[in-house]
Amino acid sequence: SKVFADRIGRIEVSATMAVAAEAAKLRAGGANLVDFGAGEPHFPTPRHIKDAAIAAIEANFTRYTVVPGIPDVRKAIVDRHACDFGSDYSIDEAIFTVGEKHALFNAIQILVDHGDEVILPVPYWVSFKDIIQYAGGTVVYLETQEAENFRITADAIEKAITPRTKAIILNSPSNPAGSVVSAEDLERIVRLAHERGIYLLLDECYVYLNYEGTPVSAGSFTWAKEHMVVLGSLSKTYAMTGWRGGYALAPKSIIANLSKLQSQQTSNATSIVQKASIAALAGSQECVTEFRAEFKELRDYMLKKLAEIPGVTCTKPEGAFYVYPNISTFLGKGGIQTATQLATKLLHEAHVVTVPGEAFGTAHHIRLSYPVTRQNIDEGTRRMGEFLKRLA
Ligand code: PLP
């Protein structure tokens, strides 16, 4: 008889986490790696946020809280969002979760049934497809064009809708390509979903990391609130990846069901992290501006260095903190057939950590995360250049 339930067989280990594990093994063996694998800021968490957490511990704010988060953290979420994006959520339209991934996982669990279709633009962040499949949903992949900067348009979304479409995933700026949905297309997508009663799951964890335009949240389209779940994260915005703080903004009935599921699952997110998140959201936003300025410079520096490697081409990401170069000229050379094989050899032979495009649904790319020092960008791209030259 079988041991494991069918549902666990429907998903894979997160590819980015698998890469991190492989890199950790090499590092333990003494290898000096340049790490473009990790999807996180390289800055420490700002002082005032750490201080709030320390104060929470000292004040013994260390017990269970109510499941969806203390009123002050929910208020800090809705106030920040209203101030930055002109949204109009009340406290009972917000829930604080153990990272945004938690909010996303649970939102899909409460909305998506077996056989429901969920539209997912490609390239996509690894976890979306597995989270949909775990819920029993059917992933409908929506291809985008590299020549158009992997841009997602309302026209393309509209064509992918069928009578079985339950939800649409939108991640703008996106991981891995840094593509941004234009303000016009965003409004059209919100409208067409709302008119058809389709739920829009808006992964806005990179909303503040937009280098070409002003950050826009779909939450500003208050008339479509009924069919939107806006997902946000403290991780990238405030350099808090390890703390695990995220949230969802949605109509009361959705929040009530997210809270119901969370009550049988994690209960509240960590009490101390809730206090730290209040400091992050309600405190000075100078760190957000500083981080964005630094990431933009690192993006430009990384693009410049990549452009110096013959055979590598790369779209210009408008947001997030990844580049997604096309490496197709090297496939079929030196025994390398796939991006996964290329990334594996880059790791073992050049000691550069990248994530292969297959993890994001495309065959001809690798993803490089650029929140690292300029010296690391220099050294990592130098090693890549030498390795690829030997292949060419
Ligand atoms: N959504 C996207 C698109 C991401 O890239 C990530 C992290 O890499 C997450 C969600 C997870 O965010 P969190 O740390 O808040 O769970």
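Residues numbered from 1 in each chain as written. Predicted model: local features only at pLDDT ≥ 70, side-chain atom pairs only at ≥ 80, totals over all residues.

### Notes on the sheet that holds strand S8 (residues 246-249)
Argument step 1. Sheet architecture is open: seven strands sit in the order S2-S8-S7-S6-S5-S3-S4, paired in mixed fashion. Every interior strand has two partners, whereas the edge strands, strand S2 (94-97) and strand S4 (138-143), have only one. Across the sheet, the axes of successive neighbouring strands diverge by a mean angle of 20°, strand direction being ignored.
Argument step 2. As judged from the four bridges shared by S2 and S8, these two strands associate in the antiparallel manner. Residue pairing across strands places Ala-94 opposite Leu-249, the latter belonging to S8. (Pairing = 2+ DSSP bridges. Helix = DSSP H or I, 4+ residues; strand = E, 2+ residues; numbered from the N terminus. Axes fitted to C-alpha atoms, helices over the stretch in contact; angles between N-to-C directions.)

### Some thoughts on the UniProt feature "domain: Aminotransferase class I/classII large" (unreviewed entry) in the chain
Argument step 1. Look at the UniProt record and you will see "domain: Aminotransferase class I/classII large" (unreviewed entry) annotated at residues 32-382.
Argument step 2. In residues 32-382, helix accounts for 38% and strand for 14%; the two terminal C-alpha atoms are 14 Å from one another. (UniProt positions renumbered as here; feature names shortened; annotations may be inferred.)

### Some details on the confidence of the model for the chain
Argument step 1. Per-residue confidence for the chain gives a mean pLDDT of 96; residues scoring 70 or more make up 100%.
Argument step 2. The ipTM assigned to the predicted complex is 0.99, against a pTM of 0.96. (pLDDT = per-residue confidence, 0-100.)

### Considering the site of the ligand
Argument step 1. Looking at the ligand, there are 13 residues lining it, with Gly-99, Glu-100, Lys-101, Ser-233 and Ser-235 nearest.
Argument step 2. Broken down by class, the residue content of the shell around the ligand amounts to two nonpolar, eight polar and three charged. (Near = placed C-beta within 6 Å. Nonpolar A, V, L, I, M, F, W, Y, C, P; charged D, E, K, R; others polar.)

### With respect to helix H9 (residues 252-263)
Argument step 1. Over its twelve residues, H9 runs 16 Å from end to end, which matches the ideal 16 Å to within 8%, given 1.5 Å per residue.
Argument step 2. Taken together, the buried positions of H9 are occupied by Ile-254, Ile-255, Leu-258 and Gln-262. In a view along the axis of H9, the buried residues occupy a sector of 95°, so they form one face of it. Facing away from the buried surface of H9 by more than 90 degrees, the exposed residues are Lys-252 and Ser-253.
Argument step 3. Looking at the buried residues of H9, the elements they touch are S2, helix H5 (100-111), strand S7 (228-233) and S8. (Expected span 1.5 Å × (residues − 1). Buried ≥ 20, exposed ≤ 12 C-beta atoms within 10 Å, placed from the backbone. Arc of directions from axis to C-beta. Contact = placed C-beta atoms within 7 Å.)

### A look at the sheet that holds strand S9 (residues 322-323)
Argument step 1. Strand order across the open sheet formed by three strands is S9-S12-S11, with antiparallel pairing between neighbours. One side of each edge strand has no neighbouring strand; the edge strands of this open sheet are S9 and strand S11 (355-356).
Argument step 2. Note: S11 against strand S12 (residues 366-369), two bridges, orientation antiparallel. When the bridges of S12 are listed, Val-355 appears paired with Arg-367.

### Considerations on the domain arrangement of the chain
Argument step 1. Here the domain parsing of the chain yields domain 1 (6-44 + 287-391) and domain 2 (48-283).
Argument step 2. Here domain 1 and domain 2 have C-alpha centroids that lie 25 Å from each other.
Argument step 3. Each partner contributes to the interface: domain 1 provides 35 residues, whereas domain 2 provides 31 residues.
Argument step 4. Of all the elements in the fold, those that place two or more residues in the side of domain 1 that touches domain 2 are helix H2 (15-28) and helix H11 (286-307).
Argument step 5. Top element by residues in the side of domain 1 that touches domain 2 is H11. It accounts for seven residues.
Argument step 6. Classifying every residue of the side of domain 1 that touches domain 2 gives 16 nonpolar, nine polar and ten charged. (Domains from an automatic or database assignment.)

### Considering the pairing of strand S3 (residues 117-122)
Argument step 1. Burial of S3 is extensive: five of the six residues sit out of reach of the surface.
Argument step 2. Where S3 lies against S4, six bridges are found, and the strand directions are parallel. Across the sheet, residue Glu-117 finds its bridge partner in S4, namely Thr-138.
Argument step 3. Taking the sense of rotation as the criterion, the β-α-β connection linking S3, helix H6 (residues 127-134) and S4 turns out right-handed.
Argument step 4. Bridge count between S3 and strand S5 (residues 165-171): three bridges; the pairing is parallel. Bridge assignment links Ile-119 to a residue of S5, and that residue is Ile-168. (Right-handed = clockwise from strand over helix to strand, strands pointing away.)

### Thoughts on unusual backbone geometry
Argument step 1. Between Val-122 and Pro-123 the backbone carries a cis peptide bond, its omega angle lying at 0°.
Argument step 2. Among the secondary structure elements, Pro-123 is positioned in the loop between S3 and H6.
Argument step 3. Following Asn-175, the chain continues to Pro-176 via a peptide bond in cis, the omega torsion being 15°.
Argument step 4. Looking at where Pro-176 falls in the secondary structure, it is placed in the loop between S5 and helix H8 (183-196).
Argument step 5. Residue His-351 is not a glycine yet carries a positive backbone phi of 55°.

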